[in-house]
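Close look at the chain arrangement
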Amino acid sequence: MKVDIPYGKQHIAVKIPEPCHILVPNKVSIKNQDTLIENALEKPLGFNSYDEFAEHADRLLVIINDATRPTPTSKILEYLLPVLSSHPDLKFLVATGVHRAPTEEEYRFIFGDTYEVFRRRVYAHDARKDEDMIYLGKSKNGTEMYINKLVPEYKNILVIGSVEPHYFAGYTGGRKSFLPGVASYKTIEMNHKLALSDKACSLALEGNPVHEDMVDAMHVLKNLNIFSIQTILTGDHKLYAVTAGDLHQSFNAAIELSKQVFCVNLKEKGNIVVTAAPYPMDIDLYQSQKALDNGKLALEDGGVIILVSKCRDGVGEDAFLELLGKADCPKKIMNILGEEYKLGYHKAAKMAQIGIRADMWAVTDLDDEIIKKSQLKPYKTIQSAIDDAVNLINKKGKKPKTIVMPSGSLTVPLIGGK
């Protein structure tokens, strides 16, 4: 059968032998976008209205996602433009975490038509600039909360985020705008070390040490006046739902809605899984790893998983590649992790866990030697990778069963609905 697989902003047609199952986010009905935003802001959780919040916010800091997420920030800002454009003391802080600052093109993607209105009020968080941070206390796990000083300085915070499953935080959105969004490199490193736990996985909140640390860290920010707008998208990045109000209440409400989109039932696993990181989540290998982690849920032990991602900006976090290159096989990486940790090692660990039980291949724009160092087998075309995977499974005396995940970064397979 013919299947279209995203690669950058294009789609590439490939031939895959039957049986082949296409796994995509669930189709849901779409309502008017302005109505969704209006309803959420008129009846926010834990607030009387957005207007009430805005009226008492003499200084306002708006925290927004960077371009690695498809958050419909521009749509929310267009709706709020009349209120925000006239605010006397307004700043935007892009929650980059440890990512680089957005490019000019990416700023226009984030802000849309509102960029010309707000561009002089926009600041990109830089986790490595210690002079921009302020210490606010420790979480119960001992994570030292250094955060961008604009946050406590402004106190009134409007957060615009999006909620979908996340491979070690359980879900994106909500508290993630603060940690890792606008936290220091040291703080993020301490929090992300907790991702080495088996309990730090997609859909998991209770007992997930990363999530619980993020929530606990928010207690040191208890003096802030935070209004949250959380969006839930469809698989093709259309607005499906909006929740608003209290940070935790709006996040929890958005989780239930995101499950309707991204949690997809699968009757049985395949021995070949093709999982794509679609634009803009294909920015680098570090971010594209999420597609691998979701894809592993649909893969039989001893099978082949093929990552498809343009990796437009290269590898990403240096420590991630550093650890992967320290060993000649995935099992040895896990041994190294028992002795040392740097930010980025958690992603290498998650990849190594897959490599222990299956073959990992990749179709990217990266140099072959970099892919090999990443414990992946490089391919130049999706078709050649699929053909080789089919031949390999045949040689093992098995019938190829292929699962294709065109939105691998956003699709969580649930075997038998579990």
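Residues numbered from 1 in each chain as written. Predicted model: local features only at pLDDT ≥ 70, side-chain atom pairs only at ≥ 80, totals over all residues. Heavy atoms only, no water.

Glancing now at the overall build of the protein. In terms of helices and strands, the protein carries 15 helices and 20 strands. C-alpha extents for the protein along the principal axes are approximately 70 × 50 × 40 Å. Here the analysis covers contacts within the protein between residues at least 6 apart in sequence; of these, 75% occur between residues at least 24 apart. Here the protein has roughly 17100 Å² of accessible surface; of this, 49% comes from carbon and sulfur atoms. A distance of 5 Å separates the average location of the 52 positive side-chain charges in the protein from that of its 53 negative side-chain charges. (Helix = DSSP H or I, 4+ residues; strand = E, 2+ residues; numbered from the N terminus. Contact = heavy atoms within 4.5 Å. Areas by Shrake-Rupley, 256 points an atom, 1.4 Å probe, with all protein chains shown as cover. Lys, Arg positive; Asp, Glu negative; His and termini not counted. Charge placed at Lys NZ, Arg CZ, Asp CG, Glu CD.)

Let's shift gears to the packing of helix α12 (residues 330–337) against helix α13 (residues 345–357). α13 packs onto α12 with a crossing angle of 140° between their chain directions and a minimal axis gap of 8 Å. In terms of orientation, α12 lies oblique with respect to α13. For the pair α12 and α13, the crossing hand works out as left-handed. In contact with P330, K331, I333, M334 and L337 of α12, α13 contributes Y345, A348, A349, A352, Q353, G355 and I356. Class assignment for the residues of the contact of α12 with α13 results in nine nonpolar, two polar and one charged. (Axes fitted to C-alpha atoms, helices over the stretch in contact; angles between N-to-C directions. Parallel < 35°, antiparallel > 145°, perpendicular 65-115°, else oblique. Left-handed = near helix turned anticlockwise from the far one by under 90°. Nonpolar A, V, L, I, M, F, W, Y, C, P; charged D, E, K, R; others polar.)

Attention shifts here to helix α3 (residues 73–84). Its twelve residues place the ends of α3 only 13 Å apart at the C-alpha level, less than the 16 Å of an ideal helix rising 1.5 Å per residue. Listing the buried residues of α3 in full gives T73, S74, I76, L77, L80 and L84. Down the axis of α3, the buried set is contained in an arc of 135°. They therefore lie on one face. (Expected span 1.5 Å × (residues − 1). Buried < 20%, exposed > 50% of the residue type's maximum accessible area, 1.4 Å probe, protein only. Arc of directions from axis to C-beta.)

Following the criterion strictly, the structure yields 15 aromatic pairs and no others. Ring pairing ties together the aromatic residues F92, Y107, F111, Y115 and F118, which thus form one cluster. Here K347 stacks its cationic end above the ring of Y286, 4.5 Å away from the centre of that ring. Sitting above the plane of the W361 ring, K377 keeps its charged end 4.9 Å from the centroid. (Phe/Tyr/Trp six-rings, centres within 6.5 Å; stacked < 30°, edge-to-face > 60°. Lys NZ or Arg CZ within 6 Å of the ring centre and 35° of its normal.)

To continue, consider the pairing of strand β9 (residues 156–162). Counting buried positions along β9 gives seven out of seven residues, so the element sits mostly inside the fold. As paired strands, strand β4 (residues 60–65) and β9 are joined by four bridges and run parallel to one another. Counted as the bridge partner of I63 is V159 from β9. In this structure, β9 lies alongside strand β12 (residues 225–233), joined through seven bridges in parallel fashion. By the bridge assignment for β12, S162 is matched with T231. (Pairing = 2+ DSSP bridges.)

Structurally, R121 can be placed in the loop between α5 (115–118) and β6 (122–124). A relative accessible area of 26% places R121 in the partly exposed class. Taking C-alpha positions, R121 is 22 Å from P70, a pair spaced 51 residues apart along the chain. Setting aside chain neighbours within four positions, we find R121 in contact with L84, S85, H87, L90, K91 and F92.

For the rest of this paragraph, the subject is the sheet that holds strand β17 (residues 359–363). Pairing in this open sheet of six strands is parallel, and the strands run β3-β19-β15-β16-β17-β18 from one edge to the other. The sheet terminates laterally at β3 (20–22) and β18 (377–379), the two strands that pair on one side only. Ignoring strand direction, the axes of neighbouring strands in this sheet form an average angle of 20°. Here α13 sits on the sheet and contacts β16 (299–308) and β17; the angle it forms with β16, its principal contact strand, is near 130°. Relative to β16, helix α15 (residues 382–395) is tilted by about 170°, and along the sheet it contacts β15 (270–276), β16, β17 and β18.

Right, let's get into the nonpolar core. By size, the foremost hydrophobic cluster in this structure holds 71 residues, and its most contacted members are I63, V151, I157 and F178. Looking at this core element by element, the count peaks at six residues for α13. Non-local contacts of V151, meaning those with residues more than four positions away in its chain, are made with L61, I63, L93, I157, F178, V182 and L224. Counting residues in hydrophobic clusters, the runner-up holds 33 residues, among them L36, I37, Y107 and L239. (Core = buried A, V, L, I, M, F, W, Y, C linked by side-chain atoms within 4.5 Å.)

To continue, consider the sheet that holds β9. For sheets, the rule is that strands pair by backbone hydrogen bonds, running either parallel or antiparallel. Taken together, the six strands give an open sheet; going across it, the order is β6-β5-β4-β9-β12-β13, and neighbouring strands pair in mixed fashion. If you trace the sheet from one side to the other, it starts and ends with β6 and β13 (239–245), each paired once. Across the sheet, the axes of successive neighbouring strands diverge by a mean angle of 20°, strand direction being ignored. The strands that helix α9 (residues 247–262) touches are β12 and β13; relative to β12, the one it contacts most, it runs at about 5°.

Before going further, it helps to spend a moment on the packing of helix α10 (residues 285–295) against α13. Remark: α10 packs on α13, axes separated minimally by 10 Å, with the N-to-C direction vectors making an angle of 35°. You can see that α10 and α13 cross each other, and the crossing is left-handed. Where α10 approaches α13, its residues Y286, Q287, Q289, K290, L292 and D293 are matched on the opposing element by H346, K347, K350, M351 and I354. The class makeup of the residues in the contact of α10 with α13 is four nonpolar, three polar and four charged.

The subject of this paragraph is the environment of G270. If you trace the backbone, G270 turns up in strand β15. Among the residues examined, G270 registers a relative accessible area of 0% and is labelled buried. Measuring from C-alpha to C-alpha, the distance between G270 and I403 comes to 5.7 Å, with 133 residues separating the pair along the chain. What G270 contacts, discounting residues up to four positions off in sequence, is A298, L299, E300, K401 and I403.

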